[in-house]
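Residue strings, one per chain:
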Amino acid sequence: MKKLFLSILLLLALLALAACGGGTATSPTATPAQPVVETAVEEPVAEEPATGGGNYVLVPKNLGNPYFDTANVGAQEAAAELGVNVTYQGSAVADATQQIQLLNSLIAQNVDGLAISANDADALVPTGQEAIDSGIPVVTWDSAIAPGGRTVHINQAEAEGIAAVQVQMAADLAGGAGQIAILSATSTAPNQNEWIALMEEELQKPEYSGLELVATVYGDDEDEKSYNEAIGLMQTYPDLKVIIAPTTVGIAASARAVQDAGRVGEVFVTGLGTPNQMREYVNSGAAPQFALWNPGDLGYLAIYALHAIATGAISGQPGDTFQAGKLGSYTIADDSTVLLGLPTIFNADNINDFDF
Ligand code: RAM
């Protein structure tokens, strides 16, 4: 009660400030009544269920990853437009057990909705199911919980396309023939594992018969581990031509490893990265081309979908259509996924047009 009272005082102070032309003290995104309601319901252990609504949590695989930070920027943009509150909470490392602990505590706090990038597709099903059973919608984005443990999954791009573009870039860089290796995130990551399986299929096509996949290793979305794994690959396979890293952490660490090992021009790195992290490696030639969708748009769309479900505007069933602000209208597909769009290939010609 005391907190609520203080919050109301704070609101009155803010309103008074705004009325005096001191509006710069409040965030331009804050709608008048919203922050107070949120402060009141954001107690770590809520005795009573949240009544204000619009209190969502964006949960990445791990913190300190610029890819997820960019998704959060998009999520906050959506939150401001919708007049809701989105907090960004995750564990330091990409680990399913830690993620489950966090989610259990968020369920106990009775938040209004969860938007999750999952560290394990199956291990998170019971937790997702529990949230849904308690009336908390679960939207996964980037990396999915298996169907029983989510309401809807927001797909960054079609998995087949993501796999195909990476194999095509690798073939290009290898000049059509030679040894290639994959350096992934964690061995349980649902998104990377799906892409790797599809890349292995893609490599069976006759046009890729000159490429030999010699190893798949895991850097756990940790910079140092990824770097060391990349160095290890170059040592174990002296003729290695390409490292495909379908992770923004792994690709940047691998490119740095190639540079440090003095192998630029002999070993090429490609995969999925953010333009801001990869710019220097595109320029140095360590990673001439890579691909990605806009993670900011992904976070933005996840919050619009979550809000549409949490407010009952849609039930989250296949065929449901909702509006997602600047991105337009989306329809939930039969497999309860929503598709963001196509990945972009970045190289020296276009990388300076992007800032994320
Ligand atoms: C890392 C994470 C994320 C993945 C990107 C490409 O940031 O593993 O889940 O989608 O790479």
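None of these values were measured; they are calculated from a predicted model.

Overview of the site of the ligand
Logical step 1: As a structural note, the neighbourhood of the ligand is formed by 14 residues, with Lys 61, Asp 142, Gln 192, Asp 221 and Thr 248 the closest of them.
Logical step 2: One nitrogen or oxygen atom from the side chain of Asp 142 is found 2.5 Å from an oxygen atom belonging to the ligand.
Logical step 3: At 2.6 Å, a side-chain N or O of Asp 221 approaches an oxygen atom of the ligand.
Logical step 4: Its free accessible area being 290 Å², the ligand has 100% of it covered by the protein chains.
Logical step 5: Contributions of two or more residues to the shell around the ligand are made by helix 3 (66–82) and helix 7 (190–202).
Logical step 6: Among the elements that line the shell around the ligand, the one with the most residues is helix 7, at three residues.
Logical step 7: Taken together, the residues of the shell around the ligand sort by class into six nonpolar, five polar and three charged.
Logical step 8: Structurally, the shell around the ligand is a two-domain feature, drawing no fewer than three residues from each of domain 1 (52–157 + 295–341) and domain 2 (159–292).

Details of helix 5 (residues 125–133)
Helical geometry note: an α-helix holds 3.6 residues per turn, so side chains three or four residues apart project in the same direction.
Logical step 1: Every buried residue of helix 5 is listed here: Thr 127, Gly 128 and Ala 131. Along helix 5, the residues classed as buried sweep out an arc of 100 degrees about the axis, all on the same side. In helix 5, the exposed residues that point more than 90 degrees away from the buried face are Pro 126 and Asp 133.
Logical step 2: The elements touched by buried residues of helix 5 are helix 4 (96–108), strand 3 (113–116) and strand 4 (138–141).

Brief notes about the nonpolar core
Logical step 1: Residues Trp 141, Ile 154, Trp 293 and Phe 322 are the most contacted members of the largest nonpolar core, which totals 87 residues.
Logical step 2: The two domains that each donate at least three residues to this core are domain 1 (52–157 + 295–341) and domain 2 (159–292).
Logical step 3: Setting aside residues no more than four positions away along its own chain, Trp 293 makes contact with Tyr 67, Asp 142, Gln 156, Ala 157, Ile 162, Trp 195, Leu 272, Leu 298, Leu 340, Pro 343 and Phe 356.

Considerations on the pairing of strand 1 (residues 55–59)
Logical step 1: Counted residue by residue, strand 1 has five buried out of five residues, so it is predominantly covered.
Logical step 2: Because side chains alternate across strand 1, one face comprises the buried residues Asn 55, Val 57 and Val 59, and the other comprises Tyr 56 and Leu 58, equally buried.
Logical step 3: Relative to strand 2 (residues 85–88), strand 1 is paired through four bridges, and the arrangement is parallel. From the neighbouring strand, Leu 58 faces strand 2, where its bridge partner is Tyr 88.
Logical step 4: Following the backbone out of strand 1, through helix 3 and into the adjacent parallel strand 2, one traces a crossover that is right-handed.
Logical step 5: Note: strand 1 against strand 3, four bridges, orientation parallel. Bridge pairing in strand 3 places Tyr 56 opposite Gly 113.

Remarks on the side chain of Asn 55
Logical step 1: By the element assignment, Asn 55 lies in strand 1.
Logical step 2: The class for Asn 55 is buried, based on a relative accessible area of 5%.
Logical step 3: For Asn 55, the side chain forms a polar contact with the side chain of Asn 85, separated by 3.1 Å.

Topic: the environment of Met 169
Logical step 1: If you trace the backbone, Met 169 turns up in helix 6 (residues 159–174).
Logical step 2: Separated by 102 residues in sequence, Met 169 and Gly 271 have C-alpha atoms that sit 8.0 Å apart.
Logical step 3: Residues within four places of Met 169 in sequence aside, it is in contact with Thr 270, Gly 271, Gln 289, Phe 290, Ala 291 and Ile 345.

Digging into the sheet that holds strand 6 (residues 178–184)
Logical step 1: Spatially, four strands are ordered 7-6-8-9 in an open sheet, and the strand pairing comes out parallel. If you trace the sheet from one side to the other, it starts and ends with strand 7 (211–218) and strand 9 (268–271), each paired once. Neighbour to neighbour, the strand axes of the sheet diverge by 25 degrees on average, direction disregarded.
Logical step 2: Two strands pair when backbone bridges link them, and strand 8 (residues 240–245) and strand 9 are joined in this way by four bridges, in the parallel orientation. The partner of Val 242 across the bridge, within strand 9, is Phe 268.
Logical step 3: Along the sheet, helix 6 contacts strand 7, strand 8 and strand 9; its crossing angle with strand 9, the most-contacted strand, is approximately 165 degrees.

Calculation notes
- Residue positions are counted from 1 within each chain, in the order its sequence is given.
- Local features in this predicted model are restricted to residues whose pLDDT is 70 or higher, and side-chain atom pairs enter the listing and the counts only when it is 80 or higher, whereas totals over whole chains, interfaces and linings include all residues.
- To get the side-chain values, take all heavy atoms of the structure and skip hydrogens and water.
- The criterion for a residue being near a molecule or strand is simple. One of its heavy atoms has to lie within 4 Å of it.
- Side-chain atoms alone can form a polar contact between residues adjacent in sequence; in general such a contact is a pair of N or O atoms within 3.5 Å, and within protein one must be able to donate a hydrogen while the other accepts it.
- Computed with a 1.4 Å probe, the accessible areas rest on the Shrake-Rupley method; for each residue, only the protein chains presented here act as cover.
- Under the scheme used here, helices are H or I runs from DSSP no shorter than 4 residues and strands are E runs no shorter than 2 residues, and both carry numbers assigned from the N terminus.
- Amino acid classes used here: Ala, Val, Leu, Ile, Met, Phe, Trp, Tyr, Cys and Pro are nonpolar; Asp, Glu, Lys and Arg are charged; the rest, including Gly, are polar.
- For the purposes of this description, domain bounds are those given by an automatic or database domain assignment.
- With a 1.4 Å probe rolled over the protein chains alone, any residue whose accessible area is under 20% of its type maximum counts as buried; one over 50% counts as exposed, and the rest are partly exposed.
- Along the arc lie the directions from the helix axis toward the C-beta atoms.
- Any two residues whose heavy atoms approach within 4.5 Å at even a single point are treated as in contact.
- To qualify as a nonpolar core, a set must consist of buried Ala, Val, Leu, Ile, Met, Phe, Trp, Tyr and Cys residues joined through side-chain atoms within 4.5 Å.
- What makes two strands pair is DSSP finding at least two bridges between them.
- With strands facing away from the observer, any crossover in which the path from the first strand over the helix to the second runs clockwise is taken as right-handed.
- Angles here are taken between N-to-C directions and fall from 0 to 180 degrees, while the axes themselves are lines fitted to C-alpha atoms, restricted in helices to the stretch in contact.

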